[in-house]
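# Report on the structure
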Amino acid sequence: MRDVAIIGVGCTKFGELWDSSFRDIFVKAGVSALEDAHMHGEKVDAMYIGNMSGGRFIEQEHIGALIADYSGLATLHIPATRVEAACASGGLALRQGVLAVASGYHDIVVVGGAEKMTDVGVDTATDALAAAADREWEGIMGATFPGLYGMIARLHMHKYGTTREHLAAAAVKNHRNGSMNERAQFQNEITIDDVLGSQMVADPLRVLDCSPITDGAAAVILAPAEIATRYTDTPVYVKASAQASGTISLHDRKDITTLDASVWAGRRAFKMAGLAPKDIDLVEVHDCFTIAEICAIEDLDFVPKGEGGKATLEGMTAIGGSIPVNTSGGLKACGHPVGATGVKQAVEITEQLRGTAGKRQVNGAEVGMTHNVGGSGATAVVHIFSRNR
Amino acid sequence: MAVPRFWRRLKNLYNLLGTHCKNCGSYYYPPRNICPACRRGGKVEPYKFKGAGEVLTYTIIHGGPKDNARPTPYVLAIIKLDEGPRLTSQIVANPEDVKIGMRVKSVFRKLGEESKHGIIYYGTKFIPA
C-alpha cells in the first residue's frame, strides 16, 4: 500500500444557494481544488463523488457521470463513481479515493461531495433524509431524524445526568466557530438561552440543536505521497482511513447512547495511524444534532462515556481548549449538505494543518481527525491526517 | 408507504409477529431471517410476541411528516418487549404521562394514510399498561 496525500482542496459557500444548480456548485468546488493543487483536469485519473439523494432532492441520478461530464472530464473517459452512505456519503467517497490511490490503481483522484437540498420543500427534504433510517420499521412508525436523536438525547440525560445546557453548549460553540468561517451557512453567534428558547422539534431537541438544510459542495485532490510535493509545498498526509457499520435501526443498538460504528471506526483509525486520542490536535465530528457531538467525542474516546456534555460546557472542545471540535462550525453552523459534509470536514482539517484557517486557526495543529456518520449511526467513517508523512 | 409493501407486512404489523432462533434462543422483532448471533447456523422460526414491554426511551415529536394520521405532537418511543427485542413505535398517551421504564402494551391503531382520500394503513402502537 502507498501513502496518500491531499494536494488540493476546494469548497463552496454553504447555505441556501438558490441561484446555483447542483452542477454549478460541484464544478466550482472541483475547479478550486484543482487550482489549489496547481493542476489541470487532464491529470485526473478517477473521481469519487459523495451524494446521498440526488434522486429525491433534484430528481437526478447517475451523479458520477453528470459530474464527470460537466467537469469536462467525460471527454477523457475517466471512471467517475458515485458513493452513497446517507450523510456519510462524503466520508465514504474520500475513503474510496484513498483506497484507489493507496492500492496503486490510480494516481491523481478527485474526491467530491455535493448536495443540493433546497430545491425541494422542507417536508420533501425531511422525508428524503428519513430514508437514512429503516423505512419499514422506523420511518413508517413515525420516526424522523430529530426524533431518533431526540430519543438518544433523552436516554443520555437519564443515564448520565446530561443537561439541556450541556447540549446547548455544543451549538453555542459551533456558532462561535462558524462566525469565523466565511463559508459557513450561519455566521451569527448564539447563546445558551437562544437554544433553550428556540422552537421544540423532538423533545428534548429544539431547532437550534439541529443542523440545517443546506446546499454545498467540497472537493479534495489525492495523490501518492511520494509525488505530492510536485504539486504543493504543504501536502497533508492521510494517516488512517477507517469505516465501520452498525445496525440500521437505532432500537437494535446494544446501547442506544453509543454509536458502535463510531467506536469501531475510531479504534481502527487510531490503530492504523499508531496514534491515541491525546495525539489528535483537532477533530471535525458529525454534529447533525447537538447530542450527536456529545456522543461522538465519547465514542471516539476523547472523554469517558457520559462526560461529553460537561466537557463541552466547560470549554474543552472550544478553540483554545484541549481538543478543539468542529472549528469549521460543524454541521450545525457551517451547514450540512449531506453528501458534501464528509469532504468538507477533510477540507477544514487540511486548511488547519496548513495553518491557513485564519481567525479560527488552531495554533500548531499537526494532526487532525474527521468523523462522518450515516443515519443514526449505521455507518461511520473516520480519517486521521497529519502534516508529517 | 406503497400498497404492496404494506400488504406483504400485514401479519407482522397487526400481530407483532417476529422470529425466534431455536438455536440460540434470541427473539427478533422486526423479524429477521438470519440470526445475527448464529448466522447460517441459526434455526429461525416465526414467533408471536405477547405485546408487553417497557419504554426504553422516547421523544415528543412536534414537527412531524405531513400526514393526516399523525397529528402532532405525538410520542415516539423505543420499547423493549418482555421477550427481549426492541422496536420503534408510538405511544398513545398524554405526552406528560410518558416516562422511561413505564410498562406498555400493544394495541391495534391507524398508522397513516397515503393521502386525504388514499389508502389508510394500520399497525401496532402502544398504550400504558
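Only a predicted model underlies this, so the values are computations on that prediction, with no experimental measurement involved. (Residues numbered from 1 in each chain as written. Chains lettered and ligands numbered in written order. Predicted model: local features only at pLDDT ≥ 70, side-chain atom pairs only at ≥ 80, totals over all residues.)

## What to know about the sheet that holds strand 11 (residues 379–386) of chain A
One key point about sheets: their strands pair by backbone hydrogen bonds, in either a parallel or an antiparallel sense. All names here are of chain A. With mixed pairing, 9 strands are arranged side by side in an open sheet as 3-2-4-7-1-8-11-10-9. Strands with a single pairing partner mark the edges of an open sheet, and in this sheet they are strand 3 (80–83) and strand 9 (282–284). Within this sheet the neighbouring strands show an average axis-to-axis angle of 25 degrees, counted without direction. By the bridge criterion, 5 bridges tie strand 2 (residues 46–50) to strand 4 (residues 109–115) in an arrangement that is parallel. By the bridge assignment, Gly50 is partnered in strand 4 with Gly113. (Pairing = 2+ DSSP bridges. Helix = DSSP H or I, 4+ residues; strand = E, 2+ residues; numbered from the N terminus. Axes fitted to C-alpha atoms, helices over the stretch in contact; angles between N-to-C directions.)

## Considerations on the packing of helix 8 (residues 164–178) of chain A against helix 11 (residues 290–299) of chain A
Residue and element names in this part refer to chain A. Remark: helix 8 packs on helix 11, axes separated minimally by 8 Å, with the N-to-C direction vectors making an angle of 95 degrees. It follows that helix 8 is roughly perpendicular to helix 11 by the angle criterion. Within the contact between the two elements, helix 8 uses His166, Leu167, Ala168, Ala170 and Ala171 and helix 11 uses Thr290, Ile291, Glu293 and Ile294. A class-by-class count of the residues in the contact of helix 8 with helix 11 yields 6 nonpolar, 2 polar and 1 charged. (Parallel < 35°, antiparallel > 145°, perpendicular 65-115°, else oblique. Contact = placed C-beta atoms within 7 Å. Nonpolar A, V, L, I, M, F, W, Y, C, P; charged D, E, K, R; others polar.)

## Comments concerning helix 8 of chain A
Residue and element names in this part refer to chain A. Taking 1.5 Å as the rise per residue, helix 8 with 15 residues should run 21 Å; its terminal C-alpha atoms sit 21 Å apart, in good agreement. Counting buried residues along helix 8, 12 of its 15 residues qualify, which places the element largely inside the surrounding structure. For helix 8, every residue scored as buried is listed here: His166, Leu167, Ala168, Ala169, Ala170, Ala171, Val172, Lys173, Asn174, His175, Asn177 and Gly178. Looking at the packing, one finds that the buried side of helix 8 touches helix 7 (145–160), helix 9 (192–197), helix 11, helix 12 (308–313) and helix 13 (330–334). (Expected span 1.5 Å × (residues − 1). Buried ≥ 20, exposed ≤ 12 C-beta atoms within 10 Å, placed from the backbone.)

## A few points about the domain arrangement of chain A
All names here are of chain A. With domains assigned, chain A is organised as domain 1 (4–121 + 214–236) and domain 2 (130–211 + 239–386). Listed per partner, the contact involves 37 residues of domain 1 and 35 residues of domain 2. At the level of elements, strand 1 (4–11), helix 4 (89–102), strand 4 and strand 7 (216–224) are the ones that each hand at least two residues to the side of domain 1 that touches domain 2. Here the element with the most residues in the side of domain 1 that touches domain 2 is helix 4; it accounts for 8 residues. Looking at the side of domain 1 that touches domain 2 residue by residue, the classes come out as 21 nonpolar, 12 polar and 4 charged. (Domains from an automatic or database assignment.)

## So, helix 7 of chain A
All names here are of chain A. For helix 7, which comprises 16 residues, the first-to-last C-alpha distance of 22 Å matches the rise-based estimate of 22 Å (1.5 Å per residue) to within 8%. Among the 16 residues of helix 7, 13 are classified as buried, and the element is accordingly described as predominantly covered. One or two residues past the end of helix 7 sits Gly161, with phi positive at roughly 75 degrees.

## A closer look at the interface of chain B and chain A
The interface of chain B with chain A comprises 26 residues on the first partner and 26 residues on the second. Going through the elements one at a time, strand 4 (52–61), strand 5 (74–81), strand 6 (86–91) and strand 7 (103–113) of chain B are the ones with two or more residues in the side of chain B that touches chain A. The element contributing the most residues to the side of chain B that touches chain A is strand 4 of chain B, with 6 residues. When grouped by side-chain class, the residues that make up the side of chain B that touches chain A number 13 nonpolar, 9 polar and 4 charged.

## Description of the packing of helix 4 of chain A against helix 14 (residues 338–354) of chain A
Residues and elements named next belong to chain A. With their axes 5 Å apart at the nearest point, helix 4 and helix 14 run at an angle of 55 degrees to one another. On the basis of the axis angle, helix 4 is oblique to helix 14. Residue-level contacts link Ser89, Gly90, Gly91, Leu92, Ala93 and Leu94 of helix 4 to Val338, Gly339, Ala340, Thr341, Gly342, Val343 and Ala346 of helix 14. The residue makeup of the contact of helix 4 with helix 14, split by class, is 7 nonpolar, 6 polar and no charged.

## Considering the nonpolar core
Residue and element names in this part refer to chain A. Residues Ile6, Met47, Val111, Val220, Ile221, Leu222 and Val343 are the most contacted members of the largest nonpolar core, which totals 160 residues. No other element matches helix 7, which puts 8 residues into this core. The residue makeup of this core includes at least three contributed by each of domain 1 (4–121 + 214–236) and domain 2 (130–211 + 239–386). Apart from the residues within four sequence positions on either side, Met47 is in contact with Gly64, Ile67, Ala68, Leu73, Ile78, Ala80, Val110 and Gly112. (Core = buried A, V, L, I, M, F, W, Y, C linked by C-beta atoms within 7 Å.)

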